[in-house]
Structures are given as C-alpha cells and as structure tokens.
2 protein chains.
Amino acid sequence: MNEQTYTIGVDFGTLSGRAVLVQVENGHEINSKVYEYPHGVLENRLPTGESLPPDWALQVPNDYLEVLKNTIPVLLEESGIDPGQVVGIGTDFTACTVLPVLKDGTPLCNLKEFENRPHAFVKLWKHHSAQSHADRINALALESNERWLDRYGGKISSEWQFAKALQLLEEDPEIYKKMDHWVEAADWIIWQLTGAYSKNICTAGYKAIFQDNMYPTKEYLERLNPLFKNFVTEKVDWPIAQLGSKAGGLSKFGGEITGLNPGTAVAVGNVDAHVTAPAANATKAGQLVAIMGTSTCVVMVHDHLAIVPGMCGVVEGGITPSTWGYEAGQSGVGDIFGWFVNNFVGEELIQKSHKAGQDLHSYLSELAEKKPAGSHGLVALDWESGNRSTLVDHSLSGLIVGMTLATKPEDVYAALVESTAFGMRTIIEAFDSSGVPVVDFIAAGGLIKNKYVMQIYANILNRPIHIIKSEQGPALGSAIHAAVAAGEYSDIIAASEIMGGIMRDAYLPQLETVEIYNQLFHQYSKLYKSFGQGDVMHALRKIRDIALIEKVN
Amino acid sequence: MNEQTYTIGVDFGTLSGRAVLVQVENGHEINSKVYEYPHGVLENRLPTGESLPPDWALQVPNDYLEVLKNTIPVLLEESGIDPGQVVGIGTDFTACTVLPVLKDGTPLCNLKEFENRPHAFVKLWKHHSAQSHADRINALALESNERWLDRYGGKISSEWQFAKALQLLEEDPEIYKKMDHWVEAADWIIWQLTGAYSKNICTAGYKAIFQDNMYPTKEYLERLNPLFKNFVTEKVDWPIAQLGSKAGGLSKFGGEITGLNPGTAVAVGNVDAHVTAPAANATKAGQLVAIMGTSTCVVMVHDHLAIVPGMCGVVEGGITPSTWGYEAGQSGVGDIFGWFVNNFVGEELIQKSHKAGQDLHSYLSELAEKKPAGSHGLVALDWESGNRSTLVDHSLSGLIVGMTLATKPEDVYAALVESTAFGMRTIIEAFDSSGVPVVDFIAAGGLIKNKYVMQIYANILNRPIHIIKSEQGPALGSAIHAAVAAGEYSDIIAASEIMGGIMRDAYLPQLETVEIYNQLFHQYSKLYKSFGQGDVMHALRKIRDIALIEKVN
C-alpha cells in the first residue's frame, strides 16, 4: 500500500464511459477502465421496440450508472488503492445530452408508463430532428434582436436544450408537462453521485442560453409557443455552480455504486471537450484544443469577449473561471471516416488490406499518403452529419466533387479527411478574423493516434500540431477538476500545470503541399459558401423526409 | 444445307468485336461470336511499356483484324453455312476512333520505328486528353463565326478528329508529318476488307466537320496552327460514300481472314450508334434510339434541319440517306455504375450478395428498388467521364450531394443510375425545345437487360420505354446495311421494316414516382447549370493534372 493521493475522472462518451485513476501530485494515470453502454445509441428503435423517425438519437440513463458500477470498483481493486486515498471524483459528459426528470431526478423513461415514449428518453447530442424548432428559435431571436444571439455566433443549434425542449413540448406535451427538470446528463450524473441537483455553468452557458446571469425572457419564449412561456422558470432555472468547485460529497448511494467513501469530494459536472483544456495545458489565451473523435469540439479561452460568426458559444467561466471560454465544432469527423470505410471500400482493397495484415483505415491511409497532394482531383464538404460551425445547420449534408472513373476508395478517403481539415481551417479563420486569434493548435481525442490525419491537418492548417500527452484527455481533465474540488490545488490553472501536458510540434506542415492545399481550400470555401447559403441540400432533405414519412404511413 | 441468304454484321465495340449471322428475309439472328481485343484499351502503357499521361485511351489496330479472323470463320462453320450463301458483310465501329496510316493503309504504330510512340496508335473515342485543343478549336470557331459550329450544338468535342489531330500535330509532329491519312477505324476496317479506302458520310459528318460538302477552311485551320493549314487537303479529304451503299467487293486478303468469298458485297463503314437505328425500326422522324452501354449514344432522324444546343451533331444522310440525322450522347453511363460497384461497395453488401447468390449489380438494384423514390436524399451529376451533351466538356467530373452517415451503397448506386436518367432527360428536353421533338424513346445496348435501370428511366423520363428486340443491335444494323449493299432491299428503311424490331411499351412510368423525380430533376438541373458553367471542376482538374505531372517528373 502506497500513501499517494488520487482522484478519479470519469468521461461519459457517445458509446461508452471511461474512468481513470490519477495521481494528484503529478497527473500520472495509474489505470483506466472502459465500459460500453448496454443500449448504445438508440437510432432506430426504443428498447421496447418502438420505431424512431429519421435523425433521432437517444440513450438510456441507467447505462451511465452501469459505467460507474463497472469501472470504479474494478479500478480500485486492480490498483490496490484504498478508497480513502481517493480524495475526489470528477465527471464529464457529451453535451447537449439532456433528459426529462422528476423532482427527485428520476428519468421519465424509467417510469413504466413512459417506457415506450421516445421523448421520455435522453436526447443524445447528435439527436438532430429538432432542426425546424431551432430554425424558429433563431428566426424569432433575430427578428426580436435577442441580446444573447450573437454569443452563439448568430444561431443556436438544434442540438441544444431549447430546441430539443421545444420539440418535446410540441410532439409529446404529456411528457413535457410531467417533467420537473430538463437536465443535462452532465448534471444528472452528479445528482446521482451526491444526491443533490447541482447545475454547472458550462452546459448552462453553452447549451441553455444562460448569459449575463439570465436565460431568454418569458416574452420571447411565449412567442415561440404560448405553452413554452414558463419553460425557464418551471423546468430549467436552478442555482449555478462554477467549474472546479465542489458539487458536494459522495452520497451513500454514490458510495455504493462506486466503492468510494461517502463524503468524497465530487466536482461540479462538465463537458468532455471543455474539461480537456486543463489536461492539454490549454489555459492561456489563444491556446485552442481540438478534441477530435467521431465529431470535433474546439475550445479556447481568451481574456476578453469577442463575437465570432458561427461559433457554438462564448461563456464567461465556461472553461476556467474568470476567462471567456469559446467553443466551436464540427458535427462529423471520425464518424465520416468510419462511415466511408465501413460501407464504401470495395473487395479489392479489403483483400489487399487483409493480405497486408492492416485494418482498412491504416491501409487506406498508407495508399493515400503515397499519392501527391491534390492528385485525386477531389474536394468534399464535411457535412455528412450537418455543420456545427460556422453554419450551425444540421440539415446540410455531404458533397463530393471531382470523381472520374479512375477515382479509387483511397482518393475519396483522403478527400474526406481533407474536408474535415478544411472545416477546421474555416473555424480557425473565423476566430482569427474576430479578434480572438488562435495561437496554438493542440489536438486531443481519439484521432490523435492517426498519423495520416494529423499530418494532413498540419499541412492544411499550415501550422504545427501539438498533441495532448494523455490518451484519455477528458477523463484526465475530470480528474484535474476533482483535484481542485478536493482542495488539492488552488484552481484549475495551477492543477493543469502539474497534472496536464502536451507534446509540442508533434507534426509540422510539409511545405511542398501548402500551396496545393491553399488552392483546394479556395475551392472548398466556394462550395462552403454556395451550398451553405443555397437551397439544394435543404430541398434534398425535404424530399427525403417526405419520402420516408410516406413509407412509414 | 439450307438455301437461305445471309448477311454478316460486325460490331467493333470498346473492348471486343461481335459478329452476327443474319437471315436476310426476316432478320433472324442465326448465330453470333464475340472476340475480345487482345490489347483491350491502353490507358496506362503501350505494349512496349511506354507510360501514358492521364486521360489517354489507345488501341492496337491489328486487334480489329483478330476479331474478323476469330469470329466469322467460326460462325460459318458452326452454322453449317456455305460462304456462298453470305451475300454481304457490314461493319460498325466506335467513333471517333481514329488512326494515322500510310498511303496503303498501314497503321503507323505497326512500323517498328514508331512502336513506342503513343501518337502512332489508334486514339479510342474515349481518349480525352485533347480537351485544350478542342477548346481552342471552339474558341476560334466562335470568334470567326464558322458556318459549321452550330451544326455541332455550338461546340465540337475533344473526342473528334480535329481535336485529336491537332494534339497529334503539336505533341508529335514527326508522326503527323509521316501520316498520309487520318482515318476513322470505321473506314480502316473496310479498307482492310476491300483493299480500297472508302470514306463514309457518317463519321465524316459527325466526327470530321464535313457539312454542306465542305470541311473547315484553310484560313481557319491556319489560324489554329500554321502547320495545320493543309490538314484537310493533305490528310482528310477523300470521296464520300453514302450509308447503305456498297464500298466494294471483298478482296483476296479480306476473303482469307473471314473465310467468305472474294467479291462478297461490303457495305460502307458506319458507327455503332447510328447503325442501330434501322435495327430498332427507328427510321421515322422523332424516333429516338438510345444505345445504352458503357456510354450512351442517342440518334434520331427528322426531315428538317434544326439547331439543338449541345447536340453532338446533325448530318444530312448521317443515319439514313436524305434525312437529317441527329446525334447526342452521354460519355459515361454503364461505366459509372461499374466503377462504383467495382470500387465502392463494402464488405457487408458483398457478403450478403454472395449469400443471396446474386451479382452485386442485381443485389444493389434489388435493395434500391425497395426504397421509395427520393428517400436516399441524394442527387448526383453523371459526369465521371465528362459531359458530351449538352455541355460538350470532358473536363467536367462527377458530383454527389446529400450524403449522411446513414447513406448506404445502394443509395449511391440509385443516385448514379438516376443521374444518368436525368442526363438523358436534359438531352430530350433540348431536342423538344429546338423544334425536333422526341416522339418515341427506344432503348438499345447492354443496359436494356437491367430492369431496374430501365424502370428508373421510364419514371424519370415520364414516358414509355420501347426496347429493341435484338440483343446485338449494332451488329444487326450492320447486317441490315449489308443486305442493302448487296441489293437485297431497295434501301435502309425497307430493310429495317423487315429485319429490325422493337417491343413497344416494355416499361411504363410508375406514376407515384413522377412528381418526386420532377423535384429531384429540378435540383439536378440547378447543379447542372452551376457546375457546368462554374469553375470548380475545372480548377480541380487543373490541380490534379499539375500534381500528377509533378509526380511523373
């Protein structure tokens, strides 16, 4: 038995949760455990068999508790750590991932009477069927010049609390009426651990339009729908907790499911992307962290407020207290590569990759790397999952142009990887031209293992890529927050300096490619503008939705 | 031994030649033989190993003789037909497929000294690297208001004789100087059979800018390149022969390689698409035949001259004597489906198709058929091989828009099939609005076997599809021409009525899809216009070509 002090960070992702045990004095990650959600993402059916319309994505809240039960006790046991040595626990979550609950925190989908009602479940961040509600929210906000609109780059997203809640109200008013709180999963999990509802500033600011200590007004909400008038006061409003502070001590129930001692400090809830910043030493102005996985979230602090077109949001204290936290993002990145590789790589390459003993991603990357930049003649728009920044429109869709009969799967793969890098460049240029320039680009997330992707990003962004040291940045970030909540460090910045870390200049641009990618980016930007503003993609979406609805009926 | 009279038609396609033995009195096809060109299409290297730049497509002329040697004698033997019962032979060819030859018809690539010179070989129709030459030809013709320009829809193609010859002159002047004739393969094969050069009106008119008994003027050619001034007089000009007439009798050499009697009537050369019209009973005004295979050629006669934007050409006597023959086309159709199926269908569907015991085309068609029209949310531009009509631009390329992470291979397959049908609708609308309306749509070519494709065409064109009865339309058409050349019928129309045939109303539109496809066609048309006129595809092609050239150097 050693006498070290530890914290535990738990990162709740899209498909699984990951707990990591971290040494407080140096940030060393001692051990980690991953547990997949038993129900994964519900996109076609509820567990009871109820079918779901297109663009839905739900989860089952008890799956999150299963993560705690199936990771933390094993972590402790395997590491030979006494629960008393764990001084704090922190968590982070995908967002906006939101659910309707009763006063005591019981999810409505846990009630037998609502088990077959889609709207009673957790709406996962990538639930994309509230676009028409978001459109109305945005149109009215623009018309009535709501003070908060430009804090969100001029548009709020269909992924966020207000759009998802308006959809809930209008499509299943009974569930809406029954719910006492519309709660972020990030806060719900803290509630389960501590026994008390604690509302974090991060999701309140970025996902629930909480700005300058206010939510949208009753007048505004009433104009959206008279029944929505009291949404804030009845379903949302709750005292706000700052990041890095202690939400409370672990409850008896929290102790039972984790194996930790009741009373252990529990940090205020947080979002996976934002909590990665301290793990990546990105606590200074202009240090941008891109958490690149199925989607990409971008977070950056600056010490002043600026209005950036198409950013997801800027929130005071949203990343670290007393700074302005900026967020932007791309709704699909690794998802897009996976979709292509799983569906669109033909027999010849599959067999060659088997022969070479490589998975398809590696094999395609190797083929693509051998071809000169630009030689595939393609450019793509990375909108297979919509566009979060800078267009904030989930009805947009993917585009590939330039194919010939000589185009091979590795060419399209390369074009898709490049398209996401062009998307990132578009975001960086929006920050740069809005008075909050990007000084450092730090990559985190699952895609940092992919050297091909990282090199393409260095080439297309034409700047060095620094890489987070931890392979589990969000979980480490949560452990850092836990250390602060437990009083082991004075604040997040101090904890980050000791417990976080990056590899500087891990990738540098290959200079001979820079001009070619500038030319391709110019074409990308033209398509970005014309299809972002044009109506082709919206028309196609409408035709599709009508065809699918007619099929169901 | 029967006492019937027969003709033989030989169709020289892109990858193989096919000979068919036909009964003159009723058009019954007795037997047929296919022989693949030993060298196929040279796209990467010459037989000597010399590498070829992008967009080249060459052939070896002796391969055509191999077809004759390996089909006709077997046909006769298998059928127990005495050579004396064969009264005529007719041939048709892809076009513009063109080669440089000496005075006696010897191809320059057959000379040892030129065996490693790409420009000495046959340039296949789909040799697409003379676009810059075509651009200059068109720009100058527009500027100097050449009388022939609007006979070709306002643009001549990079596939045709003048563009390919200008490329030859400028890239390999020694070969240019050495050649005595720039001859269509359609005429070269007749030369081999009869021993005399006979120049057919069809390729002269459609591919060599022969209009109103004149070629382009010396003044015009000189302005393109001073060394090109005498191109017509020195390399092209030759007496013109009408379709259905007799080019001559089979020579001794022709008899040796075919096993037919010397003196047997040989019909004037012809083009595969145009010769299909009599096989499909399409000899009346407005009866359009679409020969749908790797690419699609569209031919139609009318009794008056009209100017159709983006048509390939209108030639008096180009299909039947004394009518105006219209031609239009799509550079890639079945090619595009094949490209997708061979490269972009992933493991899951491959295995399912194996399990179902179906080839991938059938399996994808079956999956696509089950989904409602429009439900894939996609629209594509069918330009993977450029656009022949109505844009006449081979630097254009493919585009797909509307993908989401739920998009499956069968969705893209459907979108590609639909895109070619939208391309056909665009061509038909151009005829309809130019005073030469399409009365009947008759499909011929390899794709008529594909019921899924045919039904989609009926739905998208919103008209009945009639199908040619013969599965080898061009070869039957050539046999019809042979019967006329042999004097068995008074003219092509009379022979067509007896020897040709169609199944009327083989496919009718599914009415519930018509409006949906109208909406998708509207989107297609917008993309058609914006990418046809815009510069994105041209910029990508330029970036690609520079990248590939830099790699070679």
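Residues numbered from 1 in each chain as written. Chains lettered and ligands numbered in written order. Predicted model: local features only at pLDDT ≥ 70, side-chain atom pairs only at ≥ 80, totals over all residues. Heavy atoms only, no water.

**What about the overall build of chain A?**
Next, step 1: In terms of regular secondary structure, chain A is built from 19 helices and 21 strands.
Next, step 2: For chain A, whose C-alpha radius of gyration is 23 Å, the value lies close to the compact-globule estimate of 24 Å for 553 residues.
Next, step 3: Over its C-alpha atoms, taken along the principal directions, chain A stretches across nearly 65 × 60 × 45 Å.
Next, step 4: Classification of the 553 residues of chain A by burial places 65% in the buried group.
Next, step 5: In chain A, the proportion of contacts linking residues at least 24 apart, taken out of those at least 6 apart, comes to 73%.
Next, step 6: Carbon and sulfur atoms make up 50% of the accessible area of chain A, which amounts to about 18,900 Å² in all.
Next, step 7: Averaging the locations of the 43 positively and 64 negatively charged side chains of chain A gives two centres separated by 4 Å. (Helix = DSSP H or I, 4+ residues; strand = E, 2+ residues; numbered from the N terminus. Rg over C-alpha atoms; globule rule 2.2 N^0.38 Å. Buried < 20%, exposed > 50% of the residue type's maximum accessible area, 1.4 Å probe, protein only. Contact = heavy atoms within 4.5 Å. Areas by Shrake-Rupley, 256 points an atom, 1.4 Å probe, with all protein chains shown as cover. Lys, Arg positive; Asp, Glu negative; His and termini not counted. Charge placed at Lys NZ, Arg CZ, Asp CG, Glu CD.)

**Topic: the sheet that holds strand S1 (residues 6–12) of chain A**
Residues and elements named next belong to chain A.
Next, step 1: Ordered by their spatial adjacency, 6 strands build an open sheet running S3-S2-S1-S5-S12-S11, and the pairing between neighbours is mixed. Among the strands making up the open sheet, the edge pair consists of strand S3 (29–36) and strand S11 (246–249). Neighbouring strand axes in the sheet, compared pairwise and without regard to direction, differ in orientation by 20° on average.
Next, step 2: Sheet topology places strand S5 (residues 86–93) next to strand S12 (residues 265–267); 2 bridges connect them, and they run parallel. Its bridge partner being in S12, Gly88 is matched across the sheet by Ala265.
Next, step 3: Sheet contacts for helix H5 (residues 185–194): S1, S5, S11 and S12; angle to S5, the most-contacted strand, approximately 150°. (Pairing = 2+ DSSP bridges. Axes fitted to C-alpha atoms, helices over the stretch in contact; angles between N-to-C directions.)

**Section: the packing of aromatic side chains**
Residues and elements named next belong to chain A.
Next, step 1: Taken as a whole and assessed by the stated rule, the structure comprises 55 aromatic pairs over all chains.
Next, step 2: When the ring of Phe210 is compared with that of Tyr215, the centres are 4.8 Å apart and the planes differ by 50°; the resulting orientation is tilted.
Next, step 3: Take Phe210: its relative accessible area is 9%, and that puts it in the buried class.
Next, step 4: For Tyr215, a relative accessible area of 8% puts it in the buried group. (Phe/Tyr/Trp six-rings, centres within 6.5 Å; stacked < 30°, edge-to-face > 60°.)

**With respect to the packing of helix H14 (residues 409–432) of chain A against helix H18 (residues 511–533) of chain A**
All names here are of chain A.
Next, step 1: The N-to-C vectors of H14 and H18 enclose an angle of 80°; their axes lie 10 Å apart at closest approach. Comparing their axes, H18 and H14 come out roughly perpendicular. Counting all contacts with H14, which are made through Glu418, Ser419, Phe422, Gly423, Arg425, Thr426 and Glu429, the residues of H18 involved are Tyr517, Asn518, Leu520, Phe521, Tyr524 and Tyr528.
Next, step 2: Residue composition of the contact of H14 with H18, grouped by class: 6 nonpolar, 4 polar and 3 charged. (Parallel < 35°, antiparallel > 145°, perpendicular 65-115°, else oblique. Nonpolar A, V, L, I, M, F, W, Y, C, P; charged D, E, K, R; others polar.)

**Topic: the pairing of strand S3 (residues 29–36) of chain B**
Next, step 1: The pairing of strand S2 (residues 16–23) of chain B with S3(B) spans 7 bridges and is classified as antiparallel. Residue B:Val20 lies in a different strand from S3(B), and its bridge partner there is B:Ser32.

**As for the sheet that holds strand S14 (residues 296–302) of chain B**
Residues and elements named next belong to chain B.
Next, step 1: Strand order in the open sheet formed by 7 strands is S15-S16-S14-S13-S19-S20-S21, and the pairing between neighbours is mixed. The two strands at the open ends of the sheet, each matched to only one other strand, are strand S15 (313–316) and strand S21 (502–507). Taken over all neighbouring pairs, the strand axes of this sheet differ in orientation by 25° on average, direction set aside.
Next, step 2: Seen against the sheet, helix H15 (residues 451–461) touches strand S13 (287–292), strand S16 (324–330), strand S19 (440–444), strand S20 (465–468) and S21 and runs at an angle of roughly 140° to S20.

**Topic: the environment of A:Ala130**
Residues and elements named next belong to chain A.
Next, step 1: Mapped onto the elements, Ala130 comes out in the loop between strand S7 (122–123) and helix H2 (131–143).
Next, step 2: Spatially, the C-alpha atoms of Ala130 and Val401 are 29 Å apart, while their sequence positions differ by 271 residues.
Next, step 3: What Ala130 contacts, discounting residues up to four positions off in sequence, is Ser158, Ala163, Lys164 and Gln167.

**Quick notes on the interface of chain A and chain B**
How large an interface is tends to be reported as the accessible area lost when its parts come together.
Next, step 1: Listed per partner, the contact involves 53 residues of chain A and 53 residues of chain B.
Next, step 2: Taken over both partners, the interface formed by chain A and chain B buries close to 4,300 Å², and the fraction arising from carbon and sulfur atoms is 67%.
Next, step 3: Where chain A touches chain B, the interface holds 2 salt bridges.
Next, step 4: One salt bridge connects A:Lys526 with B:Asp535, and the closest N-O pair in it is separated by 2.6 Å. (Buried area = accessible area lost by both parts, 1.4 Å probe. Salt bridge = Lys/Arg side-chain N within 4 Å of Asp/Glu carboxyl O.)

**Concerning the nonpolar core**
Next, step 1: Counting 332 residues, the largest nonpolar core has A:Phe431, A:Phe531, B:Phe431 and B:Phe531 as its most contacted members.
Next, step 2: If we ignore the near neighbours within four places in the chain, the residues touching A:Phe531 are A:Leu381, A:Trp383, A:Leu396, A:Leu399, A:Val536, A:Met537, B:Val401, B:Leu527 and B:Phe531. (Core = buried A, V, L, I, M, F, W, Y, C linked by side-chain atoms within 4.5 Å.)

**Quick look at the relation of the copies chain A and chain B**
Next, step 1: When chain A is fitted to chain B, the residual RMSD is 0.0 Å, and the transformation amounts to a turn of 180° plus an axial shift of 0.0 Å. Here the copies are linked by what is in effect a two-fold axis.
Next, step 2: Counting the interface residues of chain A, we find that 100% of their copies in chain B are interface residues as well, pointing to one common contact surface. (Least-squares fit on C-alpha atoms with pLDDT ≥ 70 in both.)

**Brief notes about unusual backbone geometry**
Next, step 1: Put simply, B:Ala95 and B:Cys96 share a cis peptide bond, and its omega is -5°.
Next, step 2: For B:Cys96, the position within the fold is in the loop between strand S5 (86–93) and strand S6 (98–101).
Next, step 3: Residue B:Thr390 is bonded to the preceding B:Ser389 through a cis peptide linkage, with omega at 10°.
Next, step 4: Examined against the element boundaries, B:Thr390 turns out to sit in the loop between strand S17 (379–381) and strand S18 (398–403).
Next, step 5: A positive phi angle, close to 55°, is found at A:Asn462, a residue other than glycine.
Next, step 6: Relative to the helices and strands, A:Asn462 is located in the loop between helix H15 (451–461) and strand S20 (465–468).

**Comments concerning the pattern of salt bridges**
Next, step 1: In the structure shown here, the tally under the stated rule is 44 salt bridges over all chains.
Next, step 2: Salt bridges here are not isolated pairs; linked through shared partners, they connect A:Asp55, A:Arg544 and A:Asp545.

**A closer look at the confidence of the model for chain A**
Next, step 1: Predicted confidence across chain A gives a mean pLDDT of 96, with 99% of residues reaching 70 or more.
Next, step 2: Reported for the predicted complex are a pTM of 0.86 and an ipTM of 0.86. (pLDDT = per-residue confidence, 0-100.)

**Notes on the side chain of B:Gln161**
Next, step 1: By the element assignment, B:Gln161 lies in helix H3 (residues 161–171).
Next, step 2: Beyond its immediate sequence surroundings of up to four residues, B:Gln161 is in contact with B:Cys96, B:Val98, B:Trp182, B:Glu184, B:Thr203, B:Lys207 and B:Ala208.

**Section: helix H16 (residues 473–485) of chain A**
Residue and element names in this part refer to chain A.
Next, step 1: The first and last C-alpha atoms of H16 sit 18 Å apart over 13 residues, in line with the 18 Å expected at 1.5 Å per residue.
Next, step 2: Burial within H16 is extensive, with 13 of its 13 residues counted as buried.
Next, step 3: Just past H16, the residue Gly487 takes up positive phi, approximately 85°. (Expected span 1.5 Å × (residues − 1).)

**Description of the state of the cysteines**
Next, step 1: Counted according to the given criterion, the structure contains 0 disulfides over all chains.
Next, step 2: Not engaged in a disulfide, the cysteine B:Cys109 finds its nearest cysteine sulfur in B:Cys96; these two sulfurs lie 15 Å apart. (Disulfide = S-S within 2.5 Å.)

**So, the pairing of S6(B)**
Residue and element names in this part refer to chain B.
Next, step 1: Side chains Val98 and Pro100 of S6 all project onto a buried face; the interleaved residues Leu99 and Val101 project onto the opposite face, where all are buried too.
Next, step 2: Here 4 bridges tie S6 to strand S8 (residues 181–184), and the two strands are oriented antiparallel to one another. Across the sheet, the residue bridging to Leu99 is Val183, located in S8.

**Notes on the packing of helix H12 (residues 347–356) of chain B against helix H13 (residues 360–370) of chain B**
Residue and element names in this part refer to chain B.
Next, step 1: H13 packs onto H12 with a crossing angle of 100° between their chain directions and a minimal axis gap of 9 Å. Compared by their axis directions, H12 and H13 come out roughly perpendicular. Within the contact between the two elements, H12 uses Leu349, Ile350, Lys352, Ser353 and Ala356 and H13 uses Leu360, Tyr363, Leu364 and Leu367.
Next, step 2: Partitioning the contact of H12 with H13 into residue classes produces 7 nonpolar, 1 polar and 1 charged.

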